[in-house]
Amino acid sequence: MDFSAVQFGDEILGYNESSTFSEDSSAYADLYAGDAGEAFSPGGEFTHDTHDGDFISSGEYQESRTVLVDGSDHYGVSAVSVDRKEELVWMGNSGGHVTSYLSTDLMKYTSFQVHATEEIRDIWAYDLGILALTPTSLNMRTRQGIPAFTHQSPQLENMQCMLQLGGNFSHRLLLGGHQSSMVEFDLTRQEQTRCHQVGEQGCVILRDHPRFVCHGDLTGRIVLHDPRTMRQEHSFQAHTGSLSDFDVLGNYIATCGLSNRMGQLLGDQFVMVFDLRMMKLSLPLRALVPPFLLRFVPGLSSCLAVVSPVGQWQLMDAGQPDNAIMSLSYQINCVPESVITTFDVASSSQAIVFGDSLGSLHLFTSGSKPTFNNFSQETMMPDLPEQTQTMPLTDKTASLASIPMYYPTSALLSEWPEQYMKVGYRPTPPVDAAILSSMKIVGSIGYAPNLHNKKRNQVPYKFNRTKGQKSSASENVLGKNDEGITVHVPWRYRKLEIKYGKLGMDDFDYDQYNRTSFSGLDMSLPNSYCNPMIQMFYYIAPLRALMMSHLCEREFCLVCELGFLFHMLDVSMGQGIPCHASNFLRAFRTIPEASAMSLTLSDQDNRAKINFASKIQSWNRFVLQQLHTETLEDRANHSHVDSLDERMFQNSCQIDTSLEEPEITKAEEGHIVERQDKREYSPVAVIFGSHVVSINKCTRCNHEIHKDTTSLLVNLTFPESLEAGRCSFSSVVERSMSLEQTRQAWCDSCTRYQPIEQWRRYKTLPDILAMNCGLDSAQDFRFWKHQFELLLTDVRDKKREEEKKKSEAKYGNNDKELSKANERNTPSLTTAGSPSTPSKRYPDSSSSQPSPARPCRYGQGCTRHDCRFWHPGRDAGEGQQPAHVLSLLDQTMEYSWVPPGMRAKLNEDGTVSLSDITKSELEDAKDNECGVVYELVGVVSHIADPRFPDKNNLVACIRVGPGYHVRAKVSSVSHWYLFNDISIQPIGQEEALWFPLGWKTPCVLYWQRRQLPSESHSVEQINPITVDVFGEDKSLAQRGRKRITFTPLTADEMPGEGDLVAMDAEFVNLHQEEAEIRSDGTRTTIKPSQKSVARITCIRGQGPLEGTPFLDDYISTQEQVVDYLTQFSGIKPGDLDANFSQKHLTTLKSTYVKLRYLVDKGVKFVGHGLKNDFRVINMTVPMAQLIDTVHLFHMSHNRMVSLKFLAWHFLKLKIQSVTHDSIEDARTALALYQKYCELKANGDLVMELQTLYEAGKKAQWKVPGEEEED
């Protein structure tokens, strides 16, 4: 809007024919005359109206300080600025010198020369330092005076002013002067970016405003620019002659200057005030002093400080033109010959600083303790040298004890680092090969003649400074375990590190990790170490059905979130895209007990220091108990479960129920037995629970306490001694289930601590036997390792015996030497089922041992058990350490100490008898009088690669049942798979039981009864989400009146299969994206940003209310938001806080179940970028139910088109002008889909798409009239 045509007559401004200016006054008096033509006296006295005397004497401000700046009166003060960060005042003079003064006492702080000949035109203090502008350069110094940079360019000719923009543009600095262009400078990159044309009249004054950038030129015109594009928005002529000064605050622009009257420039006695709301001139303000400079006073509404050139200044109210002349006025105590050249007002409004032409700085303050800023940062002060007390050397009476002892704060030079203090032994040089060839072995000592090629008693050493580093590096590459055996972890077991491309997860090829029909779990989220256990839960059919049939009203319920996650895994079958467990992990983090048990991790935790084997077992125990607690039901409602347990127990054990004890019984010996029932019934307990009686017996008084409890899992306990020899795995489980121990505990009968015997007896066995392996102590691991050693040793001995018998039968009993030779070449183990090509670092069982042609040089005197050379009279493999036996596990999967199945029998005394079932026996094993059959269905193992201790990992080997294969539309079989986050690989049963002790350790084992009772377990889930979820839900917002932006669905409006629903969602950032940029400029995403849904909108796609929202929920979040993305989401701080929000605020679960209902009903969703929306919402929707306008209006091998550009091109609409609005975006997507159907029906779709891309390339994919694209 141009106001240049506005006329300012003398009658409007208050001038008349007698308002002339005297010609015999000073130069400034000629321009700024007093009232009725009275000139200002040289002394600077000002004639006030008689009714203004009271205001002068009762002024609020007082002149508190006057200092003579550096340069004395030779250089005048040309620029003054009050620091907005610290208690400092900055001054620049006409000699190019800058000085700062501390606090209102004006103590000199720093002083430095910026330019040798040019004056300081403008000065500005910001966060990083001080900017000083001279006519031809821009200089930056720190507040301590240290130079940062000096910028000069041909565009800097006669600069006058500068301005740092605010808000999101704080890195932009504008420089103006007596030239036709305004220079833009980037403070972050410290370089000149571009120039903006402002006209021949230049830019002499710059002021900032939240909506505009304002500049004034020499002709008295003020121009308002858009801060984004610097495009001219408005302009108006403030004064007819020239512009002296102007300032902007809120809705007002105040100006002062000169007008052209009677052929000469004369100072205006009025201050012009323009209202930015109406974009027109308000009534002018008549000033008591001739206005030369002016500033708005911060903190005081519409208050102006107006200064005359000869030292008078006044405060006036721009909002009250009638009372402006009654405002307060003051007089600066300056030299009569001086002129006020510049001034500035502190942000606290408690101080005003003036500078004059004779080098003086005048400070006016108000209040008893004035400050420049309300909240200032502490100013860095120089370190003063510490004053030490002196003592004359000639003073014989002085006490030497008075000299203080020096205690250094840093390490002394004599304190060497620890790595240099270690004792290092020089390595022994290798023995000459000629000596070894002529050496004779006598016992354990070798003798050789002297070759006389070395000096006597002198051994030359060659020092290699990097030898230690090279050796450690080679050891890291080899990857040796604690026993010194080199291990190699197959790639399918290693921790995956995904680096996404430019498009993030959308262009990543997951098929290279997963070629099955099942879905993996994303591992980029915190606490994703539990992914193997989540997969384990999912592939237990009764548990999956139970979780998916549950729905409650709790906001954070693990059972509900597991059910939602299992639904995602169901829908994702065959899509090849991993699912995200973000909502489940979010609910898991909110449980206080999980944090107390250190089960929650953060991205900053060092993986090398985390014991994942112990943590996943604690997670298994805690989550099973949590699921049991959340599904608890009244015992009265489970009388059928109680009777079912007892009936199953009686049928399997044939126990007489008449032997049950009452609550308190006196036995025959007079011992007291107390019975306590602590059982709790839940659907989870039906699957995992077993009825256990824990018995505590005092060894002193024989008082017994029998507690009936529900046990959800078994913790393996291993024997402490290795002398027991080889034992079966089932015997260890049997010992762990019926563990008997004695420990000190409190006895209620003795009322003191006594030795208490503890043991357990089972009344029922679980259908799913969950087992924690322990192995978190060195003693347990030694026992586990010892059992594998004994197993492989027995297998090796049996193989040798078989080969020996075959050899004797072939060559006869007389040829023993040949038999021994063949025995040395006999393989110890077969390589059937080898996981990969055997590594030659291990002794290959299928290859022959070293031949007798390479004997050991020490002969029979060799004491090395692992020597690989031939020894006379020693059998192959004799005397070798068991570690080499264990290394054979890396070559074969045929043998394992853990059986594929077990048979369990519940005895009459409550003990459990277990026995191993081999692979061949398991095929025909059935439940009988000898017990029930358990078969292994899942193993969670810890993978520890010695080469990369910070990349330890957890994987799961799971037997997937036929029901899941049928659901995935493959053959109805059971098969084993290896789950490693997003990687899923089919494996054999042997690999699931394969535990190379160098890197793979079992943590959790799950066993399932072969014949599950059908009456208590159902594998078919019941969908708990009904139309009731659309009932009236209350907003969480607690303050103010809630603004309802949607119309809820009625009963007859409920969408059905195939109905259209337009949907859009907005998000906020919880964690920023982590990416790396290589030297070639390519960008790789290491970790994608973690977003949280903040707003979800659904709009009717048909019917009389088509286009009307029926869902517009703001989602409350309790997590820390790092970026609200307001420009792209429209979400502002406070919108998601229940204490401050005025939106319809709900929980994520409340809105989630509504969307799930629509998905289950088969509704088709229309939107733009729906794949990303549902990914952040953490919901998987079948592809047939998604109609995405991103893909509808896309040509292959071309870029995707934004919703904003599509709306402009096809619908002639301009959307997302300021921020995004989900209702507007959803309606636009619906209209675009309707346009797509119309074009497709007419056959014009291909032609319109070509036109779309041609228009986009021509407009550079920007909507005409708007500079920036979302």
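Data block above holds the structure.
The paragraphs below set out a description of the structure included in this document. Computed from a predicted structure; not experimentally measured.

## So, the nonpolar core
Right, so step 1: Among the nonpolar cores identified, the biggest contains 99 residues, and F537, W619, F688, Y1006 and F1165 are the most heavily contacted of them.
Right, so step 2: The greatest single-element share of this core, amounting to nine residues, is contributed by helix α9 (residues 558-571).
Right, so step 3: Other than its neighbours up to four places away in sequence, F1165 contacts V1061, M1063, L1155, L1158, V1159, L1170, F1174, V1181, Q1185, L1186 and I1187.
Right, so step 4: Grouped together as the second largest cluster of nonpolar side chains are 50 residues, V733, L791, V795 and V932 included.

## Notes on the pairing of strand β16 (residues 213-216)
Right, so step 1: Alternating residues of β16 divide into V213 and H215 and C214 and G216, and every residue in both groups is buried.
Right, so step 2: As judged from the four bridges shared by strand β15 (residues 205-208) and β16, these two strands associate in the antiparallel manner. Following the sheet pairing, I205 is matched in β16 by G216.
Right, so step 3: Between β15 and β16, which pair antiparallel in sequence order, lie four residues.
Right, so step 4: Note: β16 against strand β17 (residues 221-225), four bridges, orientation antiparallel. Bridge assignment links V213 to a residue of β17, and that residue is H225.
Right, so step 5: Counting the residues that bridge the hairpin from β16 to β17 gives four residues, and of these G220 lies at a positive phi of roughly 85°.

## Regarding the side chain of N373
Right, so step 1: Mapping N373 onto the fold places it in the loop between β31 (360-365) and α4 (418-421).
Right, so step 2: Polar side-chain contacts of N373 include one of 3.1 Å to the backbone oxygen of E86.
Right, so step 3: A polar atom in the side chain of N373 sits 2.5 Å from the side chain of S347.
Right, so step 4: Ignoring sequence-local partners within four residues, the contact set of N373 consists of D83, R84, K85, E86, E87, S347 and S348.

## Regarding the sheet that holds strand β28 (residues 329-331)
Right, so step 1: With respect to topology, four strands assemble into an open sheet ordered β25-β26-β27-β28, the strand pairing being antiparallel. The open sheet terminates on both sides in strands that have one partner only, identified here as β25 (293-296) and β28. Within this sheet the neighbouring strands show an average axis-to-axis angle of 20°, counted without direction.
Right, so step 2: Examined bridge by bridge, β25 and strand β26 (residues 303-307) share four bridges and lie antiparallel to one another. Bridging across to β26, L294 finds its partner in V306.

## Considerations on the environment of H171
Right, so step 1: Relative to the helices and strands, H171 is located in the loop between β11 (159-164) and β12 (172-177).
Right, so step 2: Of the residues examined, H171 reaches a relative accessible area of 29% and is grouped as partly exposed.
Right, so step 3: Here the alpha-carbon distance between H171 and T188, two residues 17 residues apart in the chain, equals 5.8 Å.

The rules behind these values
- Throughout, a residue's number is its position along its own chain's written sequence, starting from 1.
- Residues qualify for local features only when their pLDDT is at least 70, as the model is predicted, and side-chain atom pairs are given and counted only at 80 or more; totals for whole chains, interfaces and linings, by contrast, use all residues.
- Neither water nor hydrogens contribute to the side-chain values; these are computed over all heavy atoms in the structure.
- Definition used in this section: a nonpolar core is a set of buried Ala, Val, Leu, Ile, Met, Phe, Trp, Tyr and Cys residues joined via side-chain atoms within 4.5 Å.
- The buried label goes to any residue with under 20% of its type's maximum accessible area, the exposed label to any with over 50%, and the partly exposed label to all in between, with areas taken from a 1.4 Å probe on protein chains only.
- In this text, helices come from DSSP runs of H or I with a minimum length of four residues, and strands from runs of E with a minimum of two, each type numbered from the N-terminal end.
- Pairs of residues are marked as contacts when any of their non-hydrogen atoms sit within 4.5 Å.
- At least two bridges found by DSSP between two strands are what make those strands a pair.
- Polar contact is the term for a pair of N or O atoms within 3.5 Å; when the atoms are in protein, one must be able to donate a hydrogen and the other to accept it, and sequence-neighboring residues count only if both atoms are side-chain atoms.
- Helix axes are fitted to C-alpha atoms over the stretch in contact, other axes to C-alpha atoms as well, and angles between N-to-C directions run from 0 to 180 degrees.

Such coordinate-based values are descriptive only and should not be taken to indicate function.
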